[in-house]
Amino acid sequence: MKTQDDIFALCDQIRETSFSLHRYLRHGHLEKVYENGLAHRLRKTGLTVEQQYPLQVFDEDGTVLGDYLADLFVENCLIVELKACRPLANKHIAQLLGYLRACRIEHGLLINFGVPKLEIKKYALSDTNIRPRKDTKV
């Protein structure tokens, strides 16, 4: 189990790697290109990164309702949802929060490569409370 400090350090590492990838590729590519690029660069740093990772969606009583494919699942504790759109919409935030809640994962990042200035938002679930942790535009 990772501590809050471990999670925030992991998020910082992903943020820096995302920024570096965005500086190199700029905006305008398909989401899959950014997914492959970010996964590749994170793996080169020694992180465990799964692409299109199947996560089960649970009902409140624990019944499995279905599966969700996380764009990236990093270090078995962080969902990274990638977008290549202009701009991020509330439905993208709702999508990530729904995945976190349904899959019972506490932390997630929403990264948008589709704009001139990279957008990164960090979210954390605590029981039933949803708290945005960071809203960063680089």
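Described below are features of the structure shown in this document.

Calculation rules
- Residues numbered from 1 in each chain as written.
- Predicted model: local features only at pLDDT ≥ 70, side-chain atom pairs only at ≥ 80, totals over all residues.
- Heavy atoms only, no water.
- Axes fitted to C-alpha atoms, helices over the stretch in contact; angles between N-to-C directions.
- Helix = DSSP H or I, 4+ residues; strand = E, 2+ residues; numbered from the N terminus.
- Parallel < 35°, antiparallel > 145°, perpendicular 65-115°, else oblique.
- Left-handed = near helix turned anticlockwise from the far one by under 90°.
- Contact = heavy atoms within 4.5 Å.
- Expected span 1.5 Å × (residues − 1).
- Buried < 20%, exposed > 50% of the residue type's maximum accessible area, 1.4 Å probe, protein only.
- Phe/Tyr/Trp six-rings, centres within 6.5 Å; stacked < 30°, edge-to-face > 60°.
- Pairing = 2+ DSSP bridges.
- Right-handed = clockwise from strand over helix to strand, strands pointing away.

## Observations regarding the packing of helix α1 (residues 4–25) against helix α2 (residues 31–44)
(1) Moving on: Packing of α1 against α2 leaves a shortest axis separation of 10 Å and a crossing angle of 125 degrees. Our classification of the angle between α1 and α2 gives oblique. Between α1 and α2 lies a crossing whose hand is right-handed. Residues Gln13, Ile14, Thr17, Ser18, Ser20, Leu21, Tyr24 and Leu25 of α1 pack against Val33, Tyr34, Gly37, Leu38, Arg41 and Leu42 of α2.

## Describing α1
(1) Moving on: Relative to the 32 Å expected for 22 residues at 1.5 Å per residue, α1 spans 31 Å between its end C-alpha atoms, a close match to the ideal helical length.
(2) Moving on: Taken residue by residue, α1 has Ile7, Leu10, Cys11, Ile14, Arg15, Thr17, Ser18, Leu21, His22 and Leu25 as its buried positions.
(3) Moving on: After α1 finishes, the residue arginine 26 shows a positive phi value of roughly 65 degrees.

## Overview of the packing of aromatic side chains
(1) Moving on: Summed over the entire model, instances satisfying the criterion amount to three aromatic pairs.
(2) Moving on: Ring centres of tyrosine 34 and phenylalanine 113 lie 4.5 Å apart, and the angle between their planes is 5 degrees; on these two criteria the pair is classed as stacked. Taken together, the residues span a long stretch of sequence, with tyrosine 34 in helix α2 and phenylalanine 113 in the loop between β4 (107–112) and β5 (119–126) at a distance of 79 residues. With respect to burial, tyrosine 34 and phenylalanine 113 carry one shared label: buried.
(3) Moving on: With a centroid separation of 4.9 Å and an interplanar angle of 15 degrees, the aromatic rings of tyrosine 53 and phenylalanine 73 are classed as stacked. In this pair, tyrosine 53 is assigned in strand β1 (residues 49–58) and phenylalanine 73 in strand β2 (residues 64–74), connecting sequence segments 20 residues apart.

## Overview of the pairing of strand β3 (residues 78–83)
(1) Moving on: Among the six residues in β3, six count as buried, and that is most of the element.
(2) Moving on: Residues of β3 alternate between two faces, with Leu78, Val80 and Leu82 on one and Ile79, Glu81 and Lys83 on the opposite face, all of them buried.
(3) Moving on: As paired strands, β2 and β3 are joined by three bridges and run antiparallel to one another. Counted as the bridge partner of valine 74 is leucine 78 from β3.
(4) Moving on: Of the pairings in the sheet, the one linking β3 to β4 comprises six bridges and is parallel in character. The residue of β4 that forms the bridge with isoleucine 79 is glycine 108.
(5) Moving on: Between β3 and its parallel partner β4, the chain crosses via helix α3 (residues 90–103), and the hand of that crossover is right-handed.

As far as function goes, none of this settles anything; it's purely spatial.
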